[in-house]
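Inside the fold
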Amino acid sequence: MGSAHSVPAEMRELADRTGFTSEQIEHLHRRFKQLSQDQLTIRKENFDNIPDLEFNPIRGKIVHAFFDKRNLRQESDGLADEINFEDFLTIMSYFRPIEMNMDEEQLDRFRKEKLKFLFHMYDSDHDGKITLQEYRNVVEELLSGNPHLEKESARSIADGAMMEAASICVGQMGPDQVYEGITFDDFLKMWQGIDIETKMHVRFLNVDTIAHCY
Amino acid sequence: MGSRGGPPRPAAPRPPALALVPVLAVLAAGAAEAGATSESHLLGASTMGTSPPPSPSGTTFEETRLHVFTLDYPHVQIPFEITLWILLASLAKIGFHLYHKLPSIVPESCLLILVGLLLGGIIFGAEEKSPPVMNSDVFFLYLLPPIVLDAGYFMPTRLFFENFGTIFWYAVVGTLWNAIGIGISLYGICQISAFGLTDITLLQNLLFGSLISAVDPVAVLAVFENIHVNEQLYILVFGESLLNDAITVVLYNLFKSFCQMHTIKVIDIFAGIANFFVVGIGGVLIGILLGFVAAFTTRFTHKIRVIEPLFVFLYSYLSYITAEMFHLSGIMAITACAMTMNKYVEENVSQKSYTTIKYFMKMLSSVSETLIFIFMGVSTVGKNHEWNWAFVSFTLLFCLIWRALGVFVLTQIINVFRTIPLTFKDQFIIAYGGLRGAICFSLVFLLPSAVFPRKKLFITAVIVVIFFTVFIQGITIRPLVEFLDVKRSNKKQPAVSEEIYNRFFDHVKTGIEDVCGHWGHNFWRDKFKKFDNKYLRRLLIRENQPKSSIVSLYKKLEIKHAIEMAESGMISKVPSSVSLSEYHEGKIKPLSPTEMENMREILTKNLYQIRHRTMSYNRHSLAADANEKQAKEILIRRRHSLRESLRKTNSLQSCNTFTVNFRPYLSGAHRFSREAESASYLPIPKSSSHFRYQGN
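Please read all numbers here as calculations on a predicted model, not as lab measurements. (Residues numbered from 1 in each chain as written. Chains lettered and ligands numbered in written order. Predicted model: local features only at pLDDT ≥ 70, side-chain atom pairs only at ≥ 80, totals over all residues. Heavy atoms only, no water.)

Now for the overall build of chain B. On a plain count of helices and strands, chain B comes out with 30 helices and zero strands. With 696 residues in all, chain B has 50% of them scored as buried. Considering only contacts within chain B whose residues lie at least 6 apart along the sequence, 81% involve residues at least 24 apart. Of the accessible surface of chain B, which amounts to about 33,600 Å², a share of 66% is contributed by carbon and sulfur atoms. (Helix = DSSP H or I, 4+ residues; strand = E, 2+ residues; numbered from the N terminus. Buried < 20%, exposed > 50% of the residue type's maximum accessible area, 1.4 Å probe, protein only. Contact = heavy atoms within 4.5 Å. Areas by Shrake-Rupley, 256 points an atom, 1.4 Å probe, with all protein chains shown as cover.)

Take a look at the structure:
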């Protein structure tokens, strides 16, 4: 943990907890040191130094996700101010690829964790539901790279998508029924057809620390 | 009408748009050789030529009376026969689909071969000689390109490039493995003098191995389209069948030249390796280049919409035959051309042209495929066979063994590099899906008989292998897929929310990759997209507006649903604006704001109903119930919107535009929460941006 080279015992402990191999941990540790500029923790400002992240439309949400306490598996709520290497690894562990030897139960748990991570990114006010406003927010951010689109289109798209969600989750709705928002179970239902466990992964072994930040 | 009698002769060169004309020339030669006159006799034409041949001027002086009715078959023989063949093929297809269950048990390709066999048998029986064999030139120049074009144009590019490494690995190394393995093992068998095959040399065996190891895209398409395995598996097998053309061409030509050369030097082997790179990369480059030219051409076709589809076909065919001219890989050229063209052409051409292109392409490829299989059946019957139990059975055996071994070994290696390793089930399907088809069939016919005295033996062996793969493997693959519980594809309607999720997801992944400094697939894809947006799109697309896949999908879906609703008679007074907007699209630069709003208004008003219908219910089932419910829903929504609009018009007199747009949000949005409703009221005073909409 931190700037000193990890002792093997600690490393093994980290490996067990997060599921990474020691090689991967070493790679990520190097990257962590780069990002934190040899400090023990990373703050939000450190993420500003990553050049390619600038162009990402949902940059804010990604950075936010790193500091979200729910993702860091801490009991409390809200945002952390800074994260250490272990927290960094915890966030990265959401993007581990599946392994051949996982059984059904493990796969299912894995999938749920990944989806929970995504859910937290949508649900910015931490109330456990994705409301229409939050959804609109997401779509607007996604389409923000496009200067020609009016806000109208983004909103109507968000509305349309929300209604799709409503119809999947609740089915036929009476005329005066109100759909509060997408809960995590509804979210799971919507992603049922899509193999998130095969798509949501990064090849950690090919981490190339040449792509540095300045 | 009898003035043009006499033997058919090759037609004079005509503009290349008439693709059938060269076919006439080729088929004329083939037909004449095979004694087509008697064949035409079989096809029902009565005795030819009731009119005597015209006397060459001056030599004899025979006076003929005026004929009331003449029959001149030779004049129209070639186009007549071609039309009859195609008609027969299409009628056979109709026949198969009349009985529901048949195409699901037996793939169409088998049935077509059977029909071909039947026909071949009839022709053979009637005239005691081999029926016209499918000319390899006809196959390679006319029948194969439409199928590959269709496949390349509608290829899911994203999935293809994500799996490109694996596909390339299977195609190149796998085919090499198969070719050399089969060749050497067959040579070993040939050495056993008991089988009477000792005169077949090693090189001949290697050549045979190379032509029989090619997985055939036509056969793969024909069989896989019915079994609906998941897209990843499909793209692996199909991609392999497309990309292995490069190596097949190289190996085939290499070994054929080696067979004809007396000494083989080391330099020749290196030349062979270099040739592979030239063939593969050259083909792709030609394809990409012509794809860009095609995209560029369509940039200027907005005045003559009618011939837009023609450019797509011409340029892709041009890429194919240019590659063939240089003995490069035509299949790779046409695939690359189609994939490149697709993105840009789609935006430049009108909606109608796009539909035309799509349907015409499908039609051409369907006809080609049918003809190929029928001809294969017809050509099987005949006298060009030589049966040798050992050779034929060992060929079949080795094909299966080497394919299975090859897939297994290669997968173990490539799994190290893949993030999602391929399971045994996947490997089995990949191995089992290595079907041989018309390409090996035609290649074997192209072998020069002088160099290959045992050519007939090869033909027989190839036919047996093809029949085995198409019939046995084709029929059993479906129950096997179900038995092994292979993941199937889920063909759902594309939904906007899914698109949103996918995009969101891509950005998250890219972000995480940036954070950990990883140059992954996403990184390259992003870089390409930036380059594309900056240079290519500006150059190749006429009205270049940065496009978002979410927005375009949304618009596409809404237009489609609006048309559906209009057709089903739900909307009473709308059709004019919907069709108007489509019609005007070509003439005005963007849709004019009033039209856009009208369209939007109509669409969003019926938004809830549209979504409901696509997601939960199939249009064909539950028809009665759905209609009633829908009518009720629409009524309720209209009442809501009417109520809201009354409320609004009292408060906002000035911005009419605004109310028009806002009504639907309210009637829908109120479902989500009170908060949303109040939120939607808020922006009214302060959004000057909406006035911009009006002033446009």
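What follows covers the packing of aromatic side chains. Residue and element names in this part refer to chain B. Considering all chains together, one arrives at 28 aromatic pairs over all chains under this definition. When the ring of Phe-428 is compared with that of Tyr-432, the centres are 5.5 Å apart and the planes differ by 15°; the resulting orientation is stacked. Taken together, the positions of Phe-428 and Tyr-432, both in helix α17 (residues 424–432) and four residues apart, correspond to about one turn of that helix. Residue classification places Tyr-432 among the buried residues on the basis of a relative accessible area of 18%. Grouped by ring-pair contacts, the aromatic residues Phe-160, Phe-161, Phe-164 and Phe-168 constitute a single cluster. (Phe/Tyr/Trp six-rings, centres within 6.5 Å; stacked < 30°, edge-to-face > 60°.)

Below, the discussion takes up a nonpolar patch on the surface. Judged by side-chain polarity, Met-261, Ile-264, Val-266, Ile-269, Phe-270, Ile-273, Phe-277, Ile-281 and Leu-285 of chain B come together as a nonpolar surface patch covering roughly 870 Å² of accessible area. By the element assignment, Ile-269 of chain B lies in helix α12 (residues 266–298). (Patch = residues over 30% accessible without salt bridge, like charges linked within 9 Å, V, L, I, M, F, W, Y side chains within 5 Å. Salt bridge = Lys/Arg side-chain N within 4 Å of Asp/Glu carboxyl O.)

Direction vectors running N to C along helix α5 (residues 104–122) of chain A and helix α20 (residues 496–515) of chain B enclose 100°, while the axes themselves pass 12 Å from each other. Classified by the angle between their axes, α5 of chain A and α20 of chain B sit roughly perpendicular to one another. The segment α5 of chain A lies against α20 of chain B, with Leu-118, Met-121 and Tyr-122 of chain A engaging Ile-500, Tyr-501, Phe-504, Phe-505 and Val-508 of chain B. Along the lines of polarity and charge, the residues of the contact of α5 of chain A with α20 of chain B split into eight nonpolar, no polar and no charged. (Axes fitted to C-alpha atoms, helices over the stretch in contact; angles between N-to-C directions. Parallel < 35°, antiparallel > 145°, perpendicular 65-115°, else oblique. Nonpolar A, V, L, I, M, F, W, Y, C, P; charged D, E, K, R; others polar.)

On to the confidence of the model for chain A. Residue and element names in this part refer to chain A. Of all residues in chain A, 76% attain a pLDDT of 70 or more, and the chain-wide mean is 73. Contacts of residues 1–6 to residues separated by more than four positions or lying in other chains number 13 contacts, the stretch itself having pLDDT below 50. In the model, residues 207–214 has pLDDT below 50 throughout and makes 22 contacts with residues more than four positions away in sequence or in other chains. (pLDDT = per-residue confidence, 0-100.)

Attention now goes to the pattern of salt bridges. Residues and elements named next belong to chain B. Under the definition given, this model contains nine salt bridges over all chains. The salt bridge partner of Glu-386 is Arg-454, with a shortest N-O separation of 3.0 Å. One end of the pair, Glu-386, is in the loop between α15 (351–380) and α16 (389–415); the other, Arg-454, is in the loop between α18 (438–445) and α19 (455–484), and 68 residues separate them in sequence. We classify Arg-454 as buried; its relative accessible area is 13%.

Below, the discussion takes up the nonpolar core. Within the largest apolar cluster, 133 residues are counted, with the highest numbers of intra-cluster contacts made by Leu-144, Phe-224 and Phe-391 of chain B. The dominant element in this core, judged by the number of residues it contributes, is helix α11 (residues 231–260) of chain B, at 17 residues. With near-sequence residues (within four places) excluded, Leu-144 of chain B lies in contact with Phe-139, Val-218, Tyr-320, Ile-331 and Ile-439 of chain B. By size, the runner-up hydrophobic cluster in this structure holds 68 residues, among which are Ile-42, Tyr-122, Val-138 and Met-162 of chain A. (Core = buried A, V, L, I, M, F, W, Y, C linked by side-chain atoms within 4.5 Å.)

If you check helix α5 (residues 108–127) of chain B, its first and last C-alpha atoms are 29 Å apart, about what 20 residues at 1.5 Å a residue would give, namely 28 Å. Here α5 of chain B has its buried residues at Glu-108, Ser-109, Cys-110, Leu-111, Leu-112, Ile-113, Gly-116, Leu-119, Gly-120, Ile-123 and Glu-127 of chain B. (Expected span 1.5 Å × (residues − 1).)

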